[in-house]
Amino acid sequence: MKVLVINAGSSSLKYQLYDMRDESVLASGRVERIGMDSSIVTHEPAGKPEVRDVSEILEHVTAVKRVIDMLTHKEHGVIGSMNEIDAVGHRIVHGGEVFKSSVLVTQDVKLEIRRLFDLAPLHNPAHMMGITAVESNLPHVPQAVVFDTAFHQTMPNTSYLYPIPKVLYRRHKIRRYGFHGTSHSYVSGQAAAYLGMPLKSLKMVSCHIGNGASCAAILNGESFDTSMGMTPLEGLMMGTRSGDIDPAIVPFVMNKEELTLNEVNSMLNKHSGMIAISGISSDMREITEAMEDGDKNAKLAFDMYVYRLKKYIGAYAAAMNGIDTLVFTAGVGENSAAVRKAVCEGITFLGIELDDERNAIRSKEAREISKDSSRVKVLVVPTNEELLIARDTYELVKAAHSS
Ligand code: AMP
């Protein structure tokens, strides 16, 4: 079975075509600048050179058509015809409280995703455009949706409720949902497999630290708590997002600086975090380089980032009454030995002993970076959200065929 994975944004669409026999990626690519002139399609067929094509792509229906054209092209295509695409899986940011796992797309599912537009106004409408664009291009192909929030639906109410008037939860569903669920789910499974232990027996903290960043407390294989909240703004300090701040700062700043709701939202989401404190960049590579060159603001940003991450790991160790596995993933987690070292060196009391040599090794494989004597196993596990989306889609379609 061949599964096409799609991550549709408002002006972009990323794709991967998987052959599920061996879970190999036949091709991947992205369409950028949808709705603008000079839209760009970048197509990377396995084993062949990358292709770039610039044309005018005004909406998602055409974007998906261009993807199919690329996949079936006689030179840089990887399949003979679009009939070889057996299923399509979509990444959906918000599944609210309704979706606790991945599902096949039906009229009811589409209705529910639309109902959730309020909770994810930047993401869910774009994902919906991706679903309808696939429907128009591949009307007979089953589609599945995989939600960033679904993995965290196991959180107890002590984790997901905010201590604010309860009517707000009843009326508006204001609660913690958490995000990066596909990634936390994937890396926790990979970590257990690497350790040769049943996932259900582990107390794990998973740190997905990339441009966006979140920690998850994973108890017996289920999400017990996570640092992102009703939106992806809460929790850790991120590239451009503040993470946790005193909520009273918002009305105070709006009043003093005469900011509108949109402006304060933009300040906290786009102009805070690492970029605000370093004054240099949101990118950990540039911050680490500047810090090594003696830049004090870069060092402060790095130290705050690490400090806040350590606090969450400690909090989740307390929440689960212990921890036996710590996992790092995503851009910073997979690549920054400096961040991993600074974090681990500050929480040795938990039973963490980092092995500096192992930590310095660069690899695309899951690996242990703690010493053999370390009571808590510290792992680096490269995330692969697309593969999990392909797997869920494959399983759902296979189950539907056999029922
Ligand atoms: P992601 O959102 O998972 O793609 O992560 C992107 C972020 O990973 C970038 O903004 C960088 O800050 C970080 N990153 C990638 N490579 C490195 C590296 N070699 N060292 C430190 N940070 C890195």
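Being a predicted model, the structure only gives us computed values, none of them experimental.

Caption draft 1: Here's a closer look at the overall build of the protein chain. Counting its regular elements, the protein chain contains 15 helices and 14 strands. For 403 residues, the compact-globule formula gives about 22 Å, and the C-alpha radius of gyration of the protein chain, at 22 Å, lands near that figure. Seen through its C-alpha atoms, the protein chain measures out along the principal axes to roughly 55 × 55 × 45 Å. Looking at the protein chain residue by residue over its 403 residues, the buried ones come to 48%. Summarising the internal contacts of the protein chain: among those between residues at least 6 apart in sequence, 61% fall at separations of at least 24. By element, 52% of the accessible surface of the protein chain is carried by carbon and sulfur atoms, the whole surface being about 18800 Å². Distance between charge centres in the protein chain, computed from 43 positive and 49 negative side chains, equals 4 Å.

Caption draft 2: Quick look at the pairing of strand β1 (residues 2–8). Across the 7 residues of β1, 7 count as buried, placing the element largely inside the fold. Here β1 shows two buried faces, one formed by K2, L4, I6 and A8 and the other by V3, V5 and N7. Judged from the 7 bridges that link them, β1 and strand β2 (residues 13–19) form a sheet pairing that is antiparallel. The partner of K2 across the bridge, within β2, is D19. Linking two consecutive strands that pair antiparallel, namely β1 and β2, is a turn of 4 residues. Note that β1 and strand β6 (residues 87–92) share 4 bridges and pair parallel. Its bridge partner being in β6, L4 is matched across the sheet by V88.

Caption draft 3: Up close: the UniProt feature "site: Transition state stabilizer" (unreviewed entry) in the protein chain. Residues given the UniProt feature "site: Transition state stabilizer" (unreviewed entry) here are H180 and R241. Topologically, H180 is positioned in the loop between α5 (166–172) and α6 (181–195). Classification of H180 by relative accessible area gives buried; the value is 11%. Setting aside residues no more than four positions away along its own chain, H180 makes contact with D148, H152, H208, G212, A213, S214 and M228. Assignment of secondary structure puts R241 in the loop between β11 (222–226) and α7 (249–257). Apart from residues lying up to four places away in sequence, R241 is in contact with G212, M228, P232, L233, L268, N269, S272 and G273. A distance of 3.1 Å separates a polar side-chain atom of R241 from the backbone oxygen of P232.

Caption draft 4: Region of the structure containing the site of the ligand. Surrounding the ligand, one finds G210, N211, D283, M284, R285, A330, G331, V332, N335, S336 and R362. Here an oxygen atom of the ligand and a backbone polar atom of N211 are 2.9 Å apart. In this structure, D283 approaches the ligand through a side-chain N or O atom, which is 3.3 Å from an oxygen atom. With 4 residues, helix α12 (residues 330–335) is the single largest residue contributor to the shell around the ligand.

Caption draft 5: Geometry of the sheet that holds strand β12 (residues 325–329). An order of β11-β10-β9-β12-β14-β13 is seen for the 6 strands of this open sheet, with the pairing classed as mixed. The sheet terminates laterally at β11 and β13 (367–368), the two strands that pair on one side only. Across 4 bridges, β12 lies against strand β14 (residues 377–380) in parallel orientation. Across the sheet, the residue bridging to T325 is K377, located in β14. The strands that α6 touches are β9 (203–209), β10 (213–219), β11, β12, β13 and β14; relative to β9, the one it contacts most, it runs at about 130 degrees.

Caption draft 6: Representation of the packing of aromatic side chains within the structure. Summed over the entire model, instances satisfying the criterion amount to 3 aromatic pairs. Summarising the aromatic geometry, the rings of F99 and F147 are spaced 4.3 Å apart at their centres and angled 10 degrees between planes, so their arrangement reads as stacked. Highlighted residues: F99 in the loop between β6 and β7 (103–104) and F147 in strand β8 (residues 143–147), separated in sequence by 48 residues. When its relative accessible area of 6% is taken as the criterion, F99 is described as buried.

Caption draft 7: Fine view of the state of the cysteines. In this structure the tally under the stated criterion is 0 disulfides. Of all cysteine sulfurs, the one in C215 lies closest to C207, which takes part in no disulfide; the gap is 3.9 Å. Sulfur of C344: no disulfide; nearest cysteine sulfur belongs to C207 and is 8.5 Å away. Its relative accessible area of 1% is what places C344 among the buried residues.

Caption draft 8: Local environment of helix α11 (residues 296–319). The first and last C-alpha atoms of α11 sit 34 Å apart over 24 residues, in line with the 34 Å expected at 1.5 Å per residue. Between a side-chain oxygen at the N-terminus of α11 and the backbone nitrogen of N297 the separation is 3.0 Å; the capping residue is D295. One or two steps after α11, the chain reaches N321, where phi turns positive at roughly 55 degrees.

Caption draft 9: The arrangement of the environment of I347 in detail. For I347, the position within the fold is in the loop between α13 (337–345) and α14 (356–360). On the basis of relative accessibility, which here comes to 3%, the residue I347 falls in the buried class. With 183 residues separating them in the primary sequence, I347 and I164 have C-alpha atoms 32 Å apart. Sequence-distant contacts of I347, that is, excluding residues within four places in its chain, are made with K310, I313, L326 and I352.

Caption draft 10: Structural context of the pattern of salt bridges. Summed over the entire model, instances satisfying the criterion amount to 24 salt bridges. Across the salt bridge formed by R115 and E112, the nearest N and O atoms sit 2.8 Å from each other. One end of the pair is R115 and the other is E112, both in helix α2 (residues 107–115) and 3 residues apart, which spans about a single turn. Take E112: its relative accessible area is 21%, and that puts it in the partly exposed class. Between K377 and E368 there is a salt bridge, with its nearest N and O atoms 3.5 Å apart. Owing to a relative accessible area of 15%, E368 belongs among the buried residues under this scheme. One connected set of salt bridges, linked through shared partners, spans D355, R358, E368, D372 and K377.

Procedures and definitions
- Residues numbered from 1 in each chain as written.
- Predicted model: local features only at pLDDT ≥ 70, side-chain atom pairs only at ≥ 80, totals over all residues.
- Heavy atoms only, no water.
- Helix = DSSP H or I, 4+ residues; strand = E, 2+ residues; numbered from the N terminus.
- Rg over C-alpha atoms; globule rule 2.2 N^0.38 Å.
- Buried < 20%, exposed > 50% of the residue type's maximum accessible area, 1.4 Å probe, protein only.
- Contact = heavy atoms within 4.5 Å.
- Areas by Shrake-Rupley, 256 points an atom, 1.4 Å probe, with all protein chains shown as cover.
- Lys, Arg positive; Asp, Glu negative; His and termini not counted.
- Charge placed at Lys NZ, Arg CZ, Asp CG, Glu CD.
- Pairing = 2+ DSSP bridges.
- UniProt positions renumbered as here; feature names shortened; annotations may be inferred.
- Polar contact = N/O pair within 3.5 Å; in protein donor to acceptor, adjacent residues only side chain to side chain.
- Near = heavy atom within 4 Å.
- Axes fitted to C-alpha atoms, helices over the stretch in contact; angles between N-to-C directions.
- Phe/Tyr/Trp six-rings, centres within 6.5 Å; stacked < 30°, edge-to-face > 60°.
- Disulfide = S-S within 2.5 Å.
- Expected span 1.5 Å × (residues − 1).
- Salt bridge = Lys/Arg side-chain N within 4 Å of Asp/Glu carboxyl O.

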